[in-house]
Amino acid sequence: PRLLSQFFFADERVTRVVAEINGLDAELDPQQYLVLLNQLHLSQAHLLAVLERIMEECIPTQRHSRDYLVKFPEELLVDNLGNHMLFAAECLLAGTFLEMEESDGAQLRPQARNLLCSLELVRTVLREQSLSQPNSYPEPVRAVLIQFDWLFAEFELSYVSSLVAVKSPDEIYRQQEIIVLFCETVERALHLGYLTQEMIDGYEPLLMFTIPRLAIISGLLIYPEGPLSLERSPEEMSRVFSPFYNLLKKIRDLLRVLSAEELCLLERSLCTAE
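Owing to the predicted nature of the structure, the values given are computational and were not obtained by experimental measurement.

**Considering the nonpolar core**
Then comes step 1: Leu51, Ile54, Leu126, Leu145, Phe148 and Phe155 are the most contacted members of the largest nonpolar core, which has 44 residues in total.
Then comes step 2: Of all the secondary-structure elements, those providing two or more residues to this core are helix H1 (3-22), helix H2 (30-58), helix H3 (81-93), helix H4 (102-132) and helix H5 (139-163).
Then comes step 3: Among the elements that line this core, the one with the most residues is H5, at 10 residues.
Then comes step 4: Ala215, Ile217, Leu228 and Phe241 belong to the second-largest nonpolar core, a separate cluster that totals 14 residues.

**Some points on the side chain of Ser242**
Then comes step 1: Mapped onto the secondary structure, Ser242 falls in the loop between helix H8 (207-222) and helix H9 (245-256).
Then comes step 2: When near neighbours in sequence (up to four residues on either side) are disregarded, Ser242 contacts Pro234 and Met237.

**Quick notes on the packing of H8 against H9**
Then comes step 1: One way to put it is that H8 packs onto H9 with a least axis distance of 10 Å and a crossing angle of 70°. One element, H8, and the other, H9, form an angle in the roughly perpendicular class. Contact residues: Ile216, Ile217, Leu220 and Leu221 in H8; Leu248, Ile251, Arg252, Leu255 and Arg256 in H9.
Then comes step 2: For the contact of H8 with H9, the class distribution of residues is seven nonpolar, no polar and two charged.

**Topic: H8**
Then comes step 1: Spanning 16 residues, H8 covers only 20 Å between terminal C-alpha atoms, well under the ideal 22 Å at 1.5 Å per step.
Then comes step 2: Three or more residues of H8 are buried, namely Leu207, Thr210, Ile211, Leu214, Ala215, Ile217, Ser218, Gly219 and Leu220.
Then comes step 3: Looking at the packing, one finds that the buried side of H8 touches helix H6 (169-192), helix H7 (197-201), H9 and helix H10 (260-270).

**Focus on the domain arrangement of the chain**
Interface size is often expressed as the accessible area that is lost when the parts come together.
Then comes step 1: What the domain assignment lists for the chain is domain 1 (3-163) and domain 2 (169-272).
Then comes step 2: The distance between the C-alpha centroids of domain 1 and domain 2 comes to 43 Å.

**Let's talk about unusual backbone geometry**
Then comes step 1: Even without a glycine there, the phi angle at Tyr203 is positive, about 50°.
Then comes step 2: With respect to the helices and strands, the residue Tyr203 is situated in the loop between H7 and H8.
Then comes step 3: Judged by its relative accessible area of 71%, Tyr203 is exposed.

**What about the environment of Cys91?**
Then comes step 1: Here Cys91 lies in helix H3.
Then comes step 2: Residue Cys91 is classed as buried on the basis of its relative accessible area, which comes to 12%.
Then comes step 3: Considering only alpha carbons, one finds Cys91 and Arg2, 89 residues apart in sequence, at a separation of 33 Å.

**Brief notes about the packing of aromatic side chains**
To describe a pair of aromatic rings, you give the distance between the ring centres and the angle between the ring planes.
Then comes step 1: All told, the structure shown has three aromatic pairs when counted by the stated rule.
Then comes step 2: Arranged with centres 5.4 Å apart and planes meeting at 90°, the rings of Phe8 and Phe9 form a pair that is edge-to-face.
Then comes step 3: Residues Phe155 and Tyr159 carry aromatic rings whose centres are separated by 5.7 Å and whose planes lie at 25° to one another, so their mutual orientation is stacked. On the criterion of helical spacing, the pair formed by Phe155 and Tyr159 is a turn pair, its members being four residues apart in helix H5.

**Looking at the packing of H1 against H2**
Then comes step 1: Here H1 crosses H2 at 155°, and the two axes come no closer than 9 Å. As summarised for this structure, H1 and H2 are arranged roughly antiparallel, according to the angle between their axes. Taken as a pair, H1 and H2 cross one another with a handedness that is left-handed.

**Focus: the pattern of salt bridges**
Then comes step 1: The final tally for this structure, using the stated rule, is 12 salt bridges.
Then comes step 2: For the salt bridge of Glu120 with Arg123, the shortest nitrogen-to-oxygen distance reads 3.3 Å. Placement of both Glu120 and Arg123 in helix H4 is noted, with a separation of three residues, approximately one turn of the helix.
Then comes step 3: Residue classification places Arg123 among the buried positions, given a relative accessible area of 13%.
Then comes step 4: Residue Arg142 pairs with Glu139 through a salt bridge whose shortest N-O separation is 3.7 Å.

Definitions and cut-offs
Residues numbered from 1 in each chain as written. Predicted model: local features only at pLDDT ≥ 70, side-chain atom pairs only at ≥ 80, totals over all residues. Heavy atoms only, no water. Core = buried A, V, L, I, M, F, W, Y, C linked by side-chain atoms within 4.5 Å. Buried < 20%, exposed > 50% of the residue type's maximum accessible area, 1.4 Å probe, protein only. Helix = DSSP H or I, 4+ residues; strand = E, 2+ residues; numbered from the N terminus. Contact = heavy atoms within 4.5 Å. Axes fitted to C-alpha atoms, helices over the stretch in contact; angles between N-to-C directions. Parallel < 35°, antiparallel > 145°, perpendicular 65-115°, else oblique. Nonpolar A, V, L, I, M, F, W, Y, C, P; charged D, E, K, R; others polar. Expected span 1.5 Å × (residues − 1). Domains from an automatic or database assignment. Phe/Tyr/Trp six-rings, centres within 6.5 Å; stacked < 30°, edge-to-face > 60°. Left-handed = near helix turned anticlockwise from the far one by under 90°. Salt bridge = Lys/Arg side-chain N within 4 Å of Asp/Glu carboxyl O.

Now the structure itself:
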């Protein structure tokens, strides 16, 4: 159950797979080479997972902030992002610039070198610690973990920023405005009896259509200064709604002529229509 012991065996597996790859002629046995590459990917992912747990146990208050992850596109926020970063660093150090311009890759190479050197130091220190005192983390161990964690976070942010357009603070704020609008819409719908708590607790599929529909009405009439404010220009709105700016203006104008009873009837119909 000791994390340092788990790290030792995970590290052993990575070392063994790397040795097998180095001793194999990929041209003579390409199938086995692909098998070993997959094993390396899995073993490195397991090693990083154990290392993550060690850092959470050893340096929980000294870790680099990961708040920058909210800037990343959602499709990048996958479980194996860390392993992908490690692979990217190895490619950069080898002079292979995957998915990016050579000039960008050249700028990132020093960061990649520092990260991989730090990882090797972490592996060495943790192996030695697991063989001597597997139940403690002395200060030298903590120091190398802190350095690795910071280098990893800095490389991750720099690498992803060079590949995709990360969200600006304004975009993040607009996204949070939409979240608030949806929360207030649900609260209002529960109060008016359009939805029930049982529907929400049971993840009723119809809610995927109902809540956005009700949120548009709420955003145009109930909370007109929120993320659907048409006093803003389309460029100032969230990219979720800006393409429909003119359509939203027409919807708002139609909603304004409805009586309270007609509005209630409309909202109830939106909760049932497919």
